[in-house]
There are 2 protein chains.
Amino acid sequence: MPENLPSSSVGLVRPAVMHFDEPLELECRRVLPKYDLVYETYGTLNADRSNAVLICHALSGHHHAAGYHSMEDKRPGWWDTCIGPGKPIDTNHFFVVSVNTLGGCHGSTGPATTNPETGQPWGPDFPMVTVRDWVTSQARLADRLGIDKWAAVIGGSLGGMQAMQWSTQYPERLAHAVVIAGAPKLSAQNIAFNEVARQAILSDPNFHGGHYYLHDTYPRQGLILARMVGHITYLSEDAMRAKFGRDLRSGRFHFGFDVEFQVESYLRYQGETFSRNFDANTYLLMTKALDYFDPAREHGDSLEEALAPAQCRFLVASFNSDWRFPPERSREIVNALVARGTDVSYGEIETDKGHDAFLLHIPEYMRLFSAYMGRVAEEVGNGPA
Amino acid sequence: MPENLPSSSVGLVRPAVMHFDEPLELECRRVLPKYDLVYETYGTLNADRSNAVLICHALSGHHHAAGYHSMEDKRPGWWDTCIGPGKPIDTNHFFVVSVNTLGGCHGSTGPATTNPETGQPWGPDFPMVTVRDWVTSQARLADRLGIDKWAAVIGGSLGGMQAMQWSTQYPERLAHAVVIAGAPKLSAQNIAFNEVARQAILSDPNFHGGHYYLHDTYPRQGLILARMVGHITYLSEDAMRAKFGRDLRSGRFHFGFDVEFQVESYLRYQGETFSRNFDANTYLLMTKALDYFDPAREHGDSLEEALAPAQCRFLVASFNSDWRFPPERSREIVNALVARGTDVSYGEIETDKGHDAFLLHIPEYMRLFSAYMGRVAEEVGNGPA
């Protein structure tokens, strides 16, 4: 944590755990008998409990979205750019709840936690969880926290899919859905990249069929490869060019398989770091949840029909250089909402940062997001003075 | 080979081998003492030896570009769409030479062939070869075949890079360079994808530091992953959507890690087939040759300067849905040539087929290619009657 903490930080935060003993029937028809959800909160719940917003994280995220866990912490939570006093999700106005998804690897029950029936880690026997299951579990957390209705459910990428799902699964329980850098479903290319990542993990000899915990190892190389592939899709071609170009690490060619170009060094390092901090079974589950998400599927492929139950208003935002979920994918959502006469604001942000832009401080994005959330804050009777 | 062979096929063909005893000094400063190049020819060399064209292959290609090797052969050579009687590279007019690159795995000397110094396969000790080295070796093959000057040097993708290299390395030895779906150098993103492919191979336990031949195995999983990543970049998003969409293999979700979507099945199958037919060390070498190619590098990053020695005329063609080497990359080449006053024809083909389009029968592409090659044929005094 920086010594001179800026006033826009939520400061020191601490995760909490909620235990659930009610069995959860999942979309895959299996039942999770009991489970924990780990979450953080920032800001203060107001008297009529109307100022709560839910943050849903993406593929490799977790509950720690803002602030610092200790004085020694070097980096704040993953969405600290957007959460804090004076930021788009302004903790002077909102009570922010950020939860690690079920099946995650940062405290919520997942493949690395103990299966009560066997006394061993769940591993590959952990049931497949879907966006719908996450939303169901988040609704139970809301019940426990005494939050009948969210002022907003907010997420980027896979988090945006959760916000969409909330709008139709519990239409009365949110006033706004904020879907950033999202898509109504994955494309064949998106699925293809996920499949490469999965195959990298599944074929790593240290994967041991998912039971690597029992072998005191983990599929390091598989995770590195999976992350490298993923990372390429998070950055735009322009961002990569701007960041690395064809810069050589040592200034000349070595004609060998060690790192020659800076971009190689960067990807290897990012992959290596990720492999130490993320559970492979969780990564597999998260990519499958992405693949499966397709609300229109049960409605004759009509997104308009799928979104029919939604009662909330929407902010949809996309980034022009995002080639993972390009603006056209967000416009599919917007068009389906507009066709139904739903109140939707849409912003397409100019940036060269690609998919990762949703995590970054991009002034035009901050203005759009702040303006929208400012109006949400006014509605909950807790607006700017 | 089909029973009723169309008259547009070159029919049964047989590879030839040329042995070279003259040491070849490579760009990496190492010397290859002797080597073989395997090649095929189609059509007839005319009396003044002026109708020869050279075909340069891409990353996973080889010398077998057209026709069939046996009556049992199910598929013709990789560029049979473009080579044969009446086709763009018309064997009624041209003597076509198609050579497997040095370092390849289809007969030319490469990592899988025996290192005369050790009596063992070269493996990872095979020297790094570059586009310049390939062109040098191809010029020696031309010498042996008695071809002083090619009517055209032709290639797609990495093959197009070889055609560009010919134009500056041996400016007097070609009349035309045909650069299809090419780029003047790889982008950071291109290098990043190559690096993922390399890491997949290098980290496969069956790679054995490149000495897998001695262990009677090969890095099957690494090659499968490398090919899967590559394959995604060869297809456009639209082509993938048209081909697979989100079609399920069995019609419903299974909530497991077996194949769910058709695109997964296709990629796994393609990767598996490739892994059985391609040498991993060659794949590594070819990706490095791609990374290193950057003719402007030694000319203050001026492509115009780099292309200054070229005396031939150019056909440059690109495909609008190619996101591996998009049209802008071809236009960089065209602009550099135009700035020098070089005679260049440029065609940007509308298709949803992505980078792979250069291999396919796309009418607009065939017309452009045929028209250009028809003029080349007329020049060699062997034009259409």
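About the criteria used
- Residues numbered from 1 in each chain as written.
- Chains lettered and ligands numbered in written order.
- Predicted model: local features only at pLDDT ≥ 70, side-chain atom pairs only at ≥ 80, totals over all residues.
- Heavy atoms only, no water.
- Pairing = 2+ DSSP bridges.
- Helix = DSSP H or I, 4+ residues; strand = E, 2+ residues; numbered from the N terminus.
- Axes fitted to C-alpha atoms, helices over the stretch in contact; angles between N-to-C directions.
- Contact = heavy atoms within 4.5 Å.
- Buried area = accessible area lost by both parts, 1.4 Å probe.
- Salt bridge = Lys/Arg side-chain N within 4 Å of Asp/Glu carboxyl O.
- Polar contact = N/O pair within 3.5 Å; in protein donor to acceptor, adjacent residues only side chain to side chain.
- Nonpolar A, V, L, I, M, F, W, Y, C, P; charged D, E, K, R; others polar.
- Core = buried A, V, L, I, M, F, W, Y, C linked by side-chain atoms within 4.5 Å.
- Buried < 20%, exposed > 50% of the residue type's maximum accessible area, 1.4 Å probe, protein only.
- Right-handed = clockwise from strand over helix to strand, strands pointing away.
- Expected span 1.5 Å × (residues − 1).
- Parallel < 35°, antiparallel > 145°, perpendicular 65-115°, else oblique.
- Left-handed = near helix turned anticlockwise from the far one by under 90°.

Some thoughts on the sheet that holds strand β7 (residues 152-156) of chain A
Residue and element names in this part refer to chain A.
Argument step 1. Reading across from one edge, β1-β4-β6-β5-β7-β8-β9-β10 is the order of the 8 strands in this open sheet, with mixed pairing throughout. Two strands bound the open sheet, and with one partner strand each, they are β1 (16-20) and β10 (344-349). Within this sheet the neighbouring strands show an average axis-to-axis angle of 20°, counted without direction.
Argument step 2. Across 4 bridges, the pairing between strand β5 (residues 52-56) and β7 is parallel. Bridge assignment links V53 to a residue of β7, and that residue is A152.
Argument step 3. Lying over the sheet, helix α2 (residues 158-169) contacts β5, β7, β8 (176-180) and β9 (313-319), oriented at roughly 150° with respect to β7.

Things to note about the interface of chain B and chain A
Argument step 1. Counting residues at the interface gives 55 residues for chain B and 55 residues for chain A.
Argument step 2. Summed over both partners, the interface of chain B with chain A comes to about 4800 Å²; 69% of that surface belongs to carbon and sulfur atoms.
Argument step 3. Where chain B packs against chain A, one counts 6 salt bridges.
Argument step 4. Among the salt bridges present, the one from R268 of chain B reaches E195 of chain A, with a minimum N-O distance of 2.5 Å.
Argument step 5. There are 20 residue pairs in polar contact (both at pLDDT 80 or more) connecting chain B and chain A.
Argument step 6. Of all the elements in the fold, those that place two or more residues in the side of chain B that touches chain A are α3 (188-202), α4 (220-234), α5 (237-243), α6 (262-277) and α7 (280-292) of chain B.
Argument step 7. Looking at the side of chain B that touches chain A, the element that brings in the most residues is α3 of chain B, giving 11 residues.
Argument step 8. Within the side of chain B that touches chain A, the residues separate by chemical class into 29 nonpolar, 10 polar and 16 charged.

Considering the nonpolar core
Argument step 1. Counting residues in hydrophobic clusters, the biggest one holds 256 residues, and the most contacted among them are W79, Y365 and F369 of chain A together with W79, Y365 and F369 of chain B.
Argument step 2. In contact with F369 of chain A, other than residues within four places in its own chain, are W79, C82, P88, I89, I154, V178, I180 and L315 of chain A.

Quick look at the pairing of strand β7 (residues 152-156) of chain B
Residues and elements named next belong to chain B.
Argument step 1. Counting buried residues along β7, 5 of its 5 residues qualify, which places the element largely inside the surrounding structure.
Argument step 2. Sheet analysis places β7 next to strand β8 (residues 176-180), joined by 4 bridges and oriented parallel. Across the sheet, the residue bridging to G156 is I180, located in β8.
Argument step 3. For the crossover that starts at β7, traverses helix α2 (residues 158-169) and ends in the parallel β8, the hand is right-handed.

Here's the deal with the sheet that holds strand β10 (residues 344-349) of chain B
All names here are of chain B.
Argument step 1. In space, the 8 strands of this open sheet follow the order β1-β4-β6-β5-β7-β8-β9-β10, with mixed pairing throughout. With partners counted over all chains shown, the strands left at the sheet margins are β1 (16-20) and β10, one partner each. Averaged over all pairs of adjacent strands, the angle between strand axes in this sheet comes to 20°, irrespective of strand direction.
Argument step 2. Across 4 bridges, the pairing between strand β4 (residues 35-42) and strand β6 (residues 95-99) is antiparallel. Within β6, the position partnered with Y39 by the bridge is V99.

Some words on helix α6 (residues 262-277) of chain A
Argument step 1. The end-to-end C-alpha separation of α6 of chain A is 23 Å, in line with the 22 Å expected for 16 residues at 1.5 Å each.
Argument step 2. All buried positions along α6 of chain A are accounted for by V263, E264, S265, Y266, L267, G271, F274 and S275 of chain A.
Argument step 3. Here the buried face of α6 of chain A lies against α4 (220-234), α5 (237-243) and α7 (280-292) of chain A together with α3 and α7 of chain B.

What to know about the packing of helix α3 (residues 188-202) of chain A against α4 of chain B
Argument step 1. Here α3 of chain A crosses α4 of chain B at 165°, and the two axes come no closer than 10 Å. Classified by the angle between their axes, α3 of chain A and α4 of chain B sit roughly antiparallel to one another. The handedness of the crossing between α3 of chain A and α4 of chain B is left-handed. Contacts from Q189, A192, F193, E195, V196, Q199 and A200 of chain A of α3 of chain A reach α4 of chain B at L225, M228, V229 and I232 of chain B.
Argument step 2. Of the residues belonging to the contact of α3 of chain A with α4 of chain B, the class tally is 8 nonpolar, 2 polar and 1 charged.

Quick notes on unusual backbone geometry
Residues and elements named next belong to chain A.
Argument step 1. Backbone geometry at R49 places phi at a positive 55°, although glycine is not the residue there.
Argument step 2. Structurally, R49 can be placed in the loop between β4 (35-42) and β5.
Argument step 3. One non-glycine residue, F255, adopts positive backbone phi at about 55°.
Argument step 4. Structurally, F255 is set in the loop between α5 and α6.
Argument step 5. Residue classification places F255 among the partly exposed positions, given a relative accessible area of 21%.

Here's the deal with the side chain of S167 of chain B
Residues and elements named next belong to chain B.
Argument step 1. Secondary-structure assignment places S167 in helix α2.
Argument step 2. Separated by 2.5 Å, the side chain of S167 and the backbone oxygen of M164 make a polar contact.
Argument step 3. Beyond its immediate stretch of four places on either side in the chain, S167 contacts L174, L307, P309, A310, Q311, C312 and F314.

Focus: the pattern of salt bridges
Argument step 1. Following the criterion strictly, the structure yields 36 salt bridges over all chains and no others.
Argument step 2. Between R173 of chain A and D143 of chain A there is a salt bridge, and its shortest N-O distance comes to 2.8 Å. In this pair, R173 of chain A sits in the loop between α2 and β8 while D143 of chain A sits in helix α1 (residues 131-145), placing the two residues 30 residues apart along the sequence.
Argument step 3. According to the relative accessible area criterion, R173 of chain A is buried, its value standing at 16%.
Argument step 4. Look at D143 of chain A and you get partly exposed, because its relative accessible area is 47%.
Argument step 5. Notably, a salt bridge pairs D291 of chain B with R198 of chain B, separated by 2.7 Å at the nearest N-O pair. With a gap of 93 residues between them, D291 of chain B in helix α7 and R198 of chain B in helix α3 connect regions that are remote in the sequence. A single burial state applies to D291 of chain B and to R198 of chain B, both of which are buried.
Argument step 6. Overlapping salt bridges, with partners in common, bring together E195, R198 and D291 of chain A together with E264 and R268 of chain B in one network.

A look at the side chain of N51 of chain A
Residues and elements named next belong to chain A.
Argument step 1. Within the fold, N51 resides in the loop between β4 and β5.
Argument step 2. The buried category is assigned to N51, whose relative accessible area is 1%.
Argument step 3. A polar contact is formed between the side chain of N51 and the backbone nitrogen of N46, at a distance of 2.9 Å.
Argument step 4. One polar contact links the side chain of N51 to the main-chain carbonyl oxygen of H93, over a distance of 3.0 Å.

Looking at the environment of D133 of chain B
Residue and element names in this part refer to chain B.
Argument step 1. By secondary structure assignment, the location of D133 is in helix α1 (residues 131-145).
Argument step 2. Counting along the chain gives 106 residues from D133 to E27, while the straight-line C-alpha distance between them is 6.5 Å.
Argument step 3. Every residue in contact with D133, bar those within four places of it in the chain, is listed here: E25, L26, E27 and M128.

Comments concerning the pairing of strand β9 (residues 313-319) of chain B
Every other side chain in a regular strand lies on the same face of the sheet, so the side chains alternate between the two faces.
Residue and element names in this part refer to chain B.
Argument step 1. Judged by how many residues are buried, β9 sits mostly within the fold: 6 of 7 residues are covered.
Argument step 2. Here 5 bridges tie β8 to β9, and the two strands are oriented parallel to one another. Residue pairing across strands places V178 opposite L315, the latter belonging to β9.
Argument step 3. Alignment of β9 against β10, held across 6 bridges, turns out to be parallel. Across the sheet, residue F314 finds its bridge partner in β10, namely V344.
Argument step 4. A crossover connection joins β9 to the parallel β10 through helix α9 (residues 327-339); in handedness this β-α-β unit is right-handed.

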